[in-house]
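What follows is the residue order along each chain.
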Amino acid sequence: MTPHLASAPIAIVGPTASGKSAVAMALAERFGDAELVSVDSMQVYRGMDIGTAKPSPDDRARIRHHLLDLVEPTETFTVAAFQRAARVAVVDIESRSRRAIYVGGTGLYHRAVIDDLDLPGEWPEIRAALHAEADDVGVPALHARLAAIDPAAAARIEPGNARRIVRALEVWQGSGRRFSSFGPGLDAYPDTPIVQIGLRWDRETLAQRIEQRVQRMVSEGFLAEVASLAERGFSHTAAQALGYRELLAHLRGETSFDEAVELTIVRTRQFAVRQLRWFGRDPRVTWVEVAADPVGEVITRLLDG
């Protein structure tokens, strides 16, 4: 083990189903002085356990976890709120002479924490009006508007990502500044004391792992979890969670169960590709090419190699 790894905070990044959580648990147990900080935009919601692959009660008993179960799914939760919660968690960890291992695949949340991004304010009334407008005229129309106002922001946001498009327009209307103007920008990668480790599989194997993961969630009661939460409703942010929106559509009678599961698999694979592109742009990430055993191969590469 290098002296740097022996003392530095660490971030485990990569696509969904790549084994990040298992690697983080193994490293935390190996180090003995670490606690895990979840960097996942959906694990903050209470009750959204199966579909977000939230750490098990046993894992949480073995290693202390932070930033799980912060709010109800009915509540809106933003990257700025996550950043504030992360700062509190890290101060707590460091006050006890421990160190953080960040684990998760939500790219913007990761950068907000790792690089302490300068984030814009929030204007809930403007946001609500924009969401209503998106329901009326369609998300692509709002994306076209954003492209005219802030081409840099529009280029980084998928045309169908209503939540992020609305957020960018909200900031423009609320502050008078382009969303892309805040902070040094996502294209800047400043020095950081945090060692970032990425897990990367060949695409076919990762696709298989994603399908197996979704099928495992289904067998563990994913549909019943969604049905139970649907009784109270989901906020705009919580409703974006992969699998939840597809199963909600099934519960509304819009698709069959098999169609909802297949669509979850397809969209999760697409999301994994976007995750790899996002983290692949960061030159600070040290990548481990995983063949079969993420825990064993990362331990060997980083600690024993």
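Residues numbered from 1 in each chain as written. Predicted model: local features only at pLDDT ≥ 70, side-chain atom pairs only at ≥ 80, totals over all residues. Heavy atoms only, no water.

**Some points on the overall build of the protein**
Move 1: Within the protein, the secondary structure is distributed over 14 helices and six strands.
Move 2: Relative to the globule expectation of 19 Å for 305 residues, the C-alpha radius of gyration of the protein, 19 Å, shows essentially globular dimensions.
Move 3: Considered along the principal axes of its C-alpha atoms, the protein spans approximately 55 × 45 × 35 Å.
Move 4: In the protein, which comprises 305 residues, the proportion classed as buried is 49%.
Move 5: Taking contacts inside the protein between residues at least 6 apart in sequence as the whole, the part at least 24 apart equals 75%.
Move 6: Here the protein holds 36 positive side-chain charges and 41 negative ones, and the gap between their average locations is 4 Å. (Helix = DSSP H or I, 4+ residues; strand = E, 2+ residues; numbered from the N terminus. Rg over C-alpha atoms; globule rule 2.2 N^0.38 Å. Buried < 20%, exposed > 50% of the residue type's maximum accessible area, 1.4 Å probe, protein only. Contact = heavy atoms within 4.5 Å. Lys, Arg positive; Asp, Glu negative; His and termini not counted. Charge placed at Lys NZ, Arg CZ, Asp CG, Glu CD.)

**Thoughts on the nonpolar core**
Move 1: Within the largest apolar cluster, 43 residues are counted, with the highest numbers of intra-cluster contacts made by Tyr 45, Met 48, Phe 77, Phe 82, Tyr 102 and Tyr 244.
Move 2: Only strand E1 (10–13), helix H4 (79–95), strand E4 (99–103), helix H5 (107–114), helix H11 (222–230), helix H12 (244–251), helix H13 (257–280) and strand E6 (285–289) provide two or more residues apiece to this core.
Move 3: Looking at which element gives the most residues to this core, the answer is H4, with seven residues.
Move 4: Contact partners of Phe 77, with chain neighbours within four places excluded, come to Val 44, Tyr 45, Leu 70, Val 71, Phe 82, Tyr 109 and Thr 237.
Move 5: Judged by nonpolar contacts, the second largest core, of 29 residues, contains Ala 17, Met 25, Ile 210 and Ile 299. (Core = buried A, V, L, I, M, F, W, Y, C linked by side-chain atoms within 4.5 Å.)

**Some details on unusual backbone geometry**
In most cases, non-glycine residues show a negative phi, while peptide bonds are predominantly trans.
Move 1: For Asp 69, which is not glycine, the phi torsion reads 55° and is therefore positive.
Move 2: Relative to the elements of secondary structure, Asp 69 occurs in the loop between strand E3 (65–66) and H4.
Move 3: For Asp 69, a relative accessible area of 23% gives the class partly exposed.

**Concerning the environment of Gly 47**
Move 1: If you trace the backbone, Gly 47 turns up in the loop between strand E2 (34–38) and helix H3 (57–62).
Move 2: Along the chain, Gly 47 and Glu 225 lie 178 residues apart, while their C-alpha atoms are 7.7 Å from each other.
Move 3: Once residues within four sequence positions are removed from consideration, Gly 47 is found in contact with Lys 54, Asp 69, Glu 225 and Leu 229.

**Overview of the packing of H4 against H5**
Move 1: Where H4 contacts H5, the axes come no closer than 9 Å and their chain directions differ by 45°. Classed by the angle they form, the pair H4 and H5 counts as oblique. Handedness of the H4/H5 crossing: right-handed. For the pair H4 and H5, the contacting residues are Val 79, Phe 82, Gln 83 and Ala 86 in the first and Leu 108, Tyr 109, Ala 112 and Val 113 in the second.
Move 2: Of the residues contributing to the contact of H4 with H5, the split by class is seven nonpolar, one polar and no charged. (Axes fitted to C-alpha atoms, helices over the stretch in contact; angles between N-to-C directions. Parallel < 35°, antiparallel > 145°, perpendicular 65-115°, else oblique. Left-handed = near helix turned anticlockwise from the far one by under 90°. Nonpolar A, V, L, I, M, F, W, Y, C, P; charged D, E, K, R; others polar.)

**Observations regarding the pattern of salt bridges**
Move 1: With the rule as written, the count across this model stands at 26 salt bridges.
Move 2: Note that Arg 245 and Glu 246 form a salt bridge whose closest N and O atoms lie 3.3 Å from each other.
Move 3: Its salt-bridge partner being Glu 246, residue Arg 267 comes within 2.8 Å of it at the nearest N-O pair. Linking Arg 267 in helix H13 with Glu 246 in helix H12, this pair joins segments that are 21 residues apart in sequence.
Move 4: For Arg 267, a relative accessible area of 29% gives the class partly exposed. (Salt bridge = Lys/Arg side-chain N within 4 Å of Asp/Glu carboxyl O.)

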